[in-house]
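Close look at the chain arrangement
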Amino acid sequence: MAQTQWLFAPIADVRFAPQTGSGTPNPQRAFDCVTRITEGNLILRSMGRMVGLARSSIWDFVMRLLGAFISLVWLTSLFSQPALAEKRVALVIGISKYQSVPRLANPARDAEAMSALFKKAGFEVVESGRDLGISDLRKSIRQFSDTSRDADMSVVYYAGHGIEVDGTNYLVPADAKLASDFDVEDETISLDRVLKALDGAKRLKLVILDACRDNPFTKTMKRSVSTRSIGRGLAKIEPSMSDTLVAYAAKAGAVANDGDGQNSPFASALVKHIAEPGLDLRLAFGRVRDDVLKSTGYRQEPFFYGSLGGETVALVPQAVKPADPEAGARTDYELAAQIGTREAWDSFLAAHRSGLYADLARAQTGKLIAAEQMRTKADDARREAEAQAARKTEEFRRQLEEQAARQTSDAKQKISEQARKELEEARLQVADQAMKQLEDAKRQVEVARQEAESARRQVEEAKRQAVADAQVKVEQARREAAAEREKIAALSPPSAAGSTVAPAAPQMDQADIARLLQAHLKRVGCNPGNVDGSWDNASKAALELFNKNARTKLNIQLASLDALDSVRGKTERVCPLVCKKGQRADGDRCIQLGCESGQFLNSSGACEKKPEPVAKPQTATRREPAAREPATRRVAPAGGGGKCFTFSGKTYCE
């Protein structure tokens, strides 16, 4: 691990002071820089641990080059991105004191509430206007057009009277008289002009109109043209600009309720929902709609027009979740648990000497040491049993040879028919005794092998239990960490200026997912072939067999995280054990079928009785003296019998 620290140490020493377009420090950009550097360091440290496990100088050199390349890529992407923060601006207008019609109670208070909301949400510019006349209203909109030109989000909120004439919507200022419909263009501001003022915004253009109240001007307004229509409420609108939303307090043609409380029902719901951190505006307006419907007895339904893209668009970004101090240790612990060897746990403890995961790693190391000791004892017992069986076999062979030698010596002394019969009977008796002793030796060897196999299964069970315990501890620690994060998130402020969404965790390589999935398939009895990270036909067949036996519907065409989680969750064998012909299942292993004495294993894998051996006739050979035999060679005895017989490859004559 120390050999790879030089790769990311220069990155950690870099000092950044990102600037916004106005020259002021941007803390959000600085946070992004630190986050990216931390991600790079975590990747390089994981590679360093892999290098330490390999213990290969060539691999070490390759990993150093790879680490240097990754560092260069991170720095390039870091300096190539713009250092500008997101700019959000708002214009809030509330008109209550109309000069020609009765005063409205809530628009001024609604505007105050919305101004406070935008300021609390971190908007850089919040311009306000109260009870503006036509000239002041035009001036405010013109000035806000300049403010919105370089903004990312631009919002206009208007509370007051609005009117619709011939399908066009207008905002009515405080000094409007509207004696006739011909005065509408001169004494009001069209909604189209307000939308044009937001045209410079890059990401969001939002207009919120709480102006659908019952309009008193229509009762006294003279009609200059009889065919000219003056609607009730506001007309439906389809914005021509992209990334634009127009929200009405009531849908087109309907009248909104001004309310009897401190604020209108629409303004109260807006304050409650639209500034929720990380909440998309479309969902926020949906919740506003539901609240207004409930509070007005389903008489008023807010509506919004326009469209946004596929990304989440929230007025207030999601608050950054607090960093987990043991996130790196948890990731390394999960990797060590997947490997499950003492070397992996030793490498983990070398990098993390204290903490919860260090204690868990020491416990796993203790279990592995105990399992290795049990395996050593089992191997010693097996070797002792094999040595004892070999000694007994050698002793039986030596006894057989000694007895055969004695019988041969007796045969030399008693060269007679009776002696041959007795010798044959003794030989058969010795052979039968030797056969029995050999069968006993085989049974003892089989017992020793079964004891060794039982010990091996105990070792495998201990290892499997150790891996299962490690997985349980990992899941328990993950749940505790998630619960801790939720507690911290619940205690954190609901909104924070300049906060960003936490960066996503690094993705696993597809080959690593395939390798882990193959290993777990093999563990539950679904043999995928080679565990090499290549998702071939054998791996697909193994996953299909797992689907069949586990009653799942995982996609077998690729190694996915869902498949990995499903297979890893199985702690026992899933696929049945299939043995070859002549073998039988014994736990998680196939063993050769053994037959009793006097039987043999036929081609169908079943025990069958051996056929009775055919007795071979004993033959005696007569040795005739060779014609050229030297005179000094011993001839047949003078008795005249001249009978000879063979035993153990030697010829004896009377």
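Here the structure, examined in full by the defined rule, presents 27 salt bridges. Arg287 is paired through a salt bridge with Glu276; the nearest N and O atoms lie 3.1 Å apart. Here Arg287 is found in helix H10 (residues 281–295), whereas its partner Glu276 is found in the loop between helix H9 (265–273) and H10, with 11 residues between them in sequence. For Glu276, a relative accessible area of 32% gives the class partly exposed. Here Asp380 and Arg383 are joined by a salt bridge, their closest N and O atoms 2.3 Å apart. Note that Asp380 and Arg383 are positioned in helix H13 (residues 356–413) at a spacing of three residues, about one turn of the helix. Salt bridges sharing partners connect three or more residues here, namely Lys251, Arg289, Asp290 and Glu301.

Next up on the list: the side chain of Gln407. Along the chain, Gln407 falls in helix H13. Here Gln407 is in contact with Leu423 and Ala426, once residues within four sequence places are set aside.

We now examine the packing of helix H15 (residues 510–523) against helix H17 (residues 561–568). Packing of H15 against H17 brings their axes to within 9 Å, and their N-to-C directions diverge by 25°. For the element pair H15 / H17, the angle class is roughly parallel. Helix-helix and strand crossings are classified by hand; for H15 and H17 the assignment is left-handed. Between H15 and H17, the contacting residues are Ile513, Leu516, Leu517, His520, Leu521 and Arg523 on the first element and Leu561, Ala563, Leu564, Val567 and Arg568 on the second. The residue inventory of the contact of H15 with H17, partitioned by class, reads eight nonpolar, one polar and two charged.

Let us look at unusual backbone geometry. Unusually for a residue other than glycine, Asp131 sits at a positive phi of about 50°. Checked against the element boundaries, Asp131 lands in the loop between strand E2 (125–130) and helix H5 (134–148). The partly exposed category is assigned to Asp131, whose relative accessible area is 28%. Positive phi values are uncommon outside glycine, yet Tyr298 reaches one of about 60°. Tracing the sequence through the fold places Tyr298 in the loop between H10 and strand E9 (303–307).

Quick notes on the rules
- Residues numbered from 1 in each chain as written.
- Predicted model: local features only at pLDDT ≥ 70, side-chain atom pairs only at ≥ 80, totals over all residues.
- Heavy atoms only, no water.
- Salt bridge = Lys/Arg side-chain N within 4 Å of Asp/Glu carboxyl O.
- Helix = DSSP H or I, 4+ residues; strand = E, 2+ residues; numbered from the N terminus.
- Buried < 20%, exposed > 50% of the residue type's maximum accessible area, 1.4 Å probe, protein only.
- Contact = heavy atoms within 4.5 Å.
- Axes fitted to C-alpha atoms, helices over the stretch in contact; angles between N-to-C directions.
- Parallel < 35°, antiparallel > 145°, perpendicular 65-115°, else oblique.
- Left-handed = near helix turned anticlockwise from the far one by under 90°.
- Nonpolar A, V, L, I, M, F, W, Y, C, P; charged D, E, K, R; others polar.

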